[in-house]
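# Structural overview
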Amino acid sequence: MHVRLDDPVDLGAFRRHARQLLAAGVPPDRVEWNASQATGDGADLFGAASDADAAPPAALASAAQHQPVPAWFVELCGDVILHRDPQRLALLYRLLWRLSHEPALRHDPLDADLMQARQMAKAVHRDIHKMRAFVRFTRVLGDDGLERHVAWFEPEHRIVEANAPFFARRFAQMRWAILTPERCVEWNGHALAFEGGADRREKPPPDAGEQLWLTYYEHIFNPARLKLAMMRREMPRRYWHNLPEATLIQPLAEAAAARSRSMIEAPPTAPRRIRAPIALHLRPAAGVAPADLGELRAAAHACRDCPIGALATQAVCGEGPLGATHMLVGEQPGDQEDLAGRPFVGPAGQLLDRAMAQLGWARDTVYLANAVKHFKYELRGKRRIHKTAGQREAEACAHWLDSEISLVRPQGLVALGATAARTLLGRPVAVQAERGAWLHERGDGRPVFVTLHPSALLRLPDAEQGEAFGHWLADLALARGTLSAAMAA
Ligand code: URA
């Protein structure tokens, strides 16, 4: 018997045929399975299958009965059907046949057919995961004047439909499309639409966000931590030609040994100036709220309510327009912020800049601030290593942020990380559990949106950064897009 599926990933059609064949007693070696390529006609994946001509003859079909199959096998079929191997349908039907004729099979973990199917499912899962990690969107302005994010990706298996809902959830606020050679998917903010394959030449040209990403990638590449074998495992070569950063990997890897050596051999940097304590009479009067941001800066600079201020170069207050809709609040200035006197100018700030550029969110339209105004660090040799401010220090500093909020009057507050979230909400916050939604708990009525601090992303292993960055980007997109709805709530 010859069975043809018009859609190679139509699990429903496969199950219908397989059930009928099994009920009719057709053994696997009598069936030839065939699944054509997706046709690109935009048809709904699980809509009516055009496979009527492939149904078993009426005499056999009328004998069809539903055979109970274990739930794990149905799940396995859902994964294996996405595999590119042309023999996958024959394998699945053979397994179905054997499961109903050999009761011991389901308890045999070493059976060759089962092992092969499980390996295929694993390869599909891995491809799904890699697509989530390695899709890189480029911003494109359409003829209709609308902005879209477009990515080109070459999956190993037929995973586009299965993976699309993930991207719809992650990038719900963006209009985006993912083009692949066999299947394309588009999200218009409300619904997913699928089309046939695209040509590599339709891939959009690099945008400014991509250049920023490359600069950032080069900047954070640490030659002393390079583990090539692990990198190859997590980022297989077949994905490289669509990853902008891949062009950098080889030269950076080649130069890594020499760069590490020169880091070790370099003379220590000159010790930095440590500020003298501020005289008592210059300290701000307790309980007097600053009248404007200038006064706030001067008063925070002189603050010695906790020991951090005495060691920092200067207080780093926020920057941005008065009346900004959003205030983004970080933890505390880092080494570079402390020297520059501006928030978010170091590596974490560059990552935040990149995310905002990708979302088309201009940095100068938001107010960027920190929960703690002075840089807390520990001297290790000549280097100043960031130390998280303690709870008492953060509490002592909270009134400066309150003053800043009263002066800037943002409509919503975005807490980047646990310190900011705790300061803004006045309670401990588990960031992973509470991220991604507006919380209405503050006495002043301003909603607070919790997400990760960019430094948390920088600390992740290279292979996890792409996916985590995508998730973070989706959080920020949500925080940017849903504030008026949150205010009305
Ligand atoms: N991390 C922060 O939380 N704030 C900055 O300004 C820089 C790094």
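Read on for a plain summary of the structure. (Residues numbered from 1 in each chain as written. Predicted model: local features only at pLDDT ≥ 70, side-chain atom pairs only at ≥ 80, totals over all residues. Heavy atoms only, no water.)

Looking along a regular strand, one sees side chains alternate from face to face of the sheet. Note: strand E3 (residues 138–141) against strand E4 (residues 147–152), four bridges, orientation antiparallel. Within E4, the residue paired with threonine 138 across the bridge is valine 150. Connecting E3 to the antiparallel partner E4 that follows it, the hairpin turn spans five residues, and glycine 145 within it adopts a positive phi of roughly 80°. Judged from the four bridges that link them, E4 and strand E5 (residues 176–179) form a sheet pairing that is parallel. (Pairing = 2+ DSSP bridges. Helix = DSSP H or I, 4+ residues; strand = E, 2+ residues; numbered from the N terminus.)

Each strand in a sheet pairs with its neighbour through backbone hydrogen bonds, running either in the same direction (parallel) or in the opposite one (antiparallel). A sheet is described by the order of its strands in space; here five strands give the open sequence E3-E4-E5-E6-E7, paired in mixed fashion. Only two strands of the sheet have a single neighbouring strand rather than two, namely E3 and strand E7 (192–196). For this sheet the average axis-to-axis angle between neighbouring strands, irrespective of direction, equals 25°. Two strands pair when backbone bridges link them, and E5 and strand E6 (residues 183–187) are joined in this way by three bridges, in the antiparallel orientation. In the sheet register, alanine 177 faces E6, and the bridge partner there is glutamate 186. Its contacts with the sheet place helix H6 (residues 160–170) against E5, E6 and E7, and it is angled at close to 145° to E7. (Axes fitted to C-alpha atoms, helices over the stretch in contact; angles between N-to-C directions. Contact = heavy atoms within 4.5 Å.)

What follows deals with unusual backbone geometry. Most peptide bonds take the trans form, and the phi angle of most residues other than glycine is negative. Unlike most non-glycine residues, phenylalanine 344 shows phi in positive territory, near 55°. Assignment of secondary structure puts phenylalanine 344 in the loop between helix H12 (335–340) and helix H13 (347–359). Although it is not a glycine, arginine 409 sits at a positive phi angle of roughly 55°. The residue arginine 409 is located in the loop between helix H14 (391–408) and strand E12 (412–416) in this model. Judged by its relative accessible area of 52%, arginine 409 is exposed. (Buried < 20%, exposed > 50% of the residue type's maximum accessible area, 1.4 Å probe, protein only.)

Next up on the list: empty space enclosed by the protein. Under the criterion given, the structure shown has four cavities of 30 Å³ or more. One number sums up the size of the largest cavity: a volume of about 270 Å³. Of all the secondary-structure elements, those providing two or more residues to the lining of the largest cavity are H6, helix H7 (208–220), H13 and helix H18 (462–481). Looking at the lining of the largest cavity, the element that brings in the most residues is H18, giving six residues. Its boundaries defined by the atoms lining it, the second largest cavity holds a volume of some 100 Å³. Forming the walls of the second largest cavity are Ala133, Phe134, Arg136, Trp213, Tyr217, Ile220, Met235, Glu245, Asp462, Ala463, Gln465 and Gly466. (1 Å grid on protein atoms, 1.4 Å probe; cavity = no way out; pocket = protein on both sides within 12 Å on 5 of 7 lines; lining within 4 Å. Points joined across faces, edges and corners; volume = space filled by probe spheres on them.)

Taken together, Gly330, Glu331, Gln332, Glu337, Pro343, Phe344, Asn370 and His453 make up all the residues around the ligand. Contact distances for the ligand include 2.8 Å between an oxygen atom and a backbone N or O atom of phenylalanine 344. Within the side chain of asparagine 370, an N or O atom sits 2.7 Å from a nitrogen atom of the ligand. (Near = heavy atom within 4 Å. Polar contact = N/O pair within 3.5 Å; in protein donor to acceptor, adjacent residues only side chain to side chain.)

Inspection of every chain in the model, using the stated rule, returns 13 aromatic pairs. Note on phenylalanine 469 and tryptophan 472: the rings are 6.1 Å apart at their centroids and 55° apart in plane angle, and the pair reads as tilted. Remark: tryptophan 472 and phenylalanine 469 occur in helix H18; sequence separation between them is three residues, near one turn of the helix. Comparing phenylalanine 469 with tryptophan 472 shows no difference in burial state: the two are buried. Through a chain of ring-to-ring contacts, the aromatic side chains of Phe137, Phe166, Phe167, Phe171 and Trp176 assemble into a single cluster. Just above the ring of tyrosine 239 sits the side chain of arginine 238; from NZ or CZ to the centre is 4.9 Å. (Phe/Tyr/Trp six-rings, centres within 6.5 Å; stacked < 30°, edge-to-face > 60°. Lys NZ or Arg CZ within 6 Å of the ring centre and 35° of its normal.)

The next subject is helix H9 (residues 246–265). Its 20 residues give H9 an end-to-end C-alpha distance of 29 Å, which sits within 8% of 28 Å, the value for a rise of 1.5 Å per residue. Maximum bend of H9: about 45°, positioned at alanine 256. Taken as a whole, H9 has its buried residues at Ala246, Leu248, Ile249, Leu252, Ala253, Ala256 and Ser260. Where H9 is buried, its residues touch H7 and helix H8 (228–234). (Expected span 1.5 Å × (residues − 1). Bend = angle between axes of the 7 residues up to and from the residue.)

Between the first and last C-alpha of helix H4 (residues 88–101) there are 20 Å, a value that for 14 residues agrees with the 20 Å anticipated at 1.5 Å per step. Along H4, 10 of the 14 residues are buried, which leaves the element largely enclosed by surrounding structure. Taken together, the buried positions of H4 are occupied by Arg88, Leu89, Leu91, Leu92, Tyr93, Leu95, Leu96, Trp97, Arg98 and Leu99. Buried residues along H4 sit in contact with strand E1 (2–5), helix H1 (11–23), strand E2 (32–35), helix H3 (71–80) and helix H5 (112–134).

A few words now on the pairing of strand E10 (residues 377–380). As defined by bridge partners, E10 adjoins strand E11 (residues 383–386) across four bridges and the pair is classed as antiparallel. The partner of tyrosine 377 across the bridge, within E11, is histidine 386. Connecting the antiparallel pair E10 and E11 is a turn made up of two residues, with glycine 381 showing a positive phi of about 65°.

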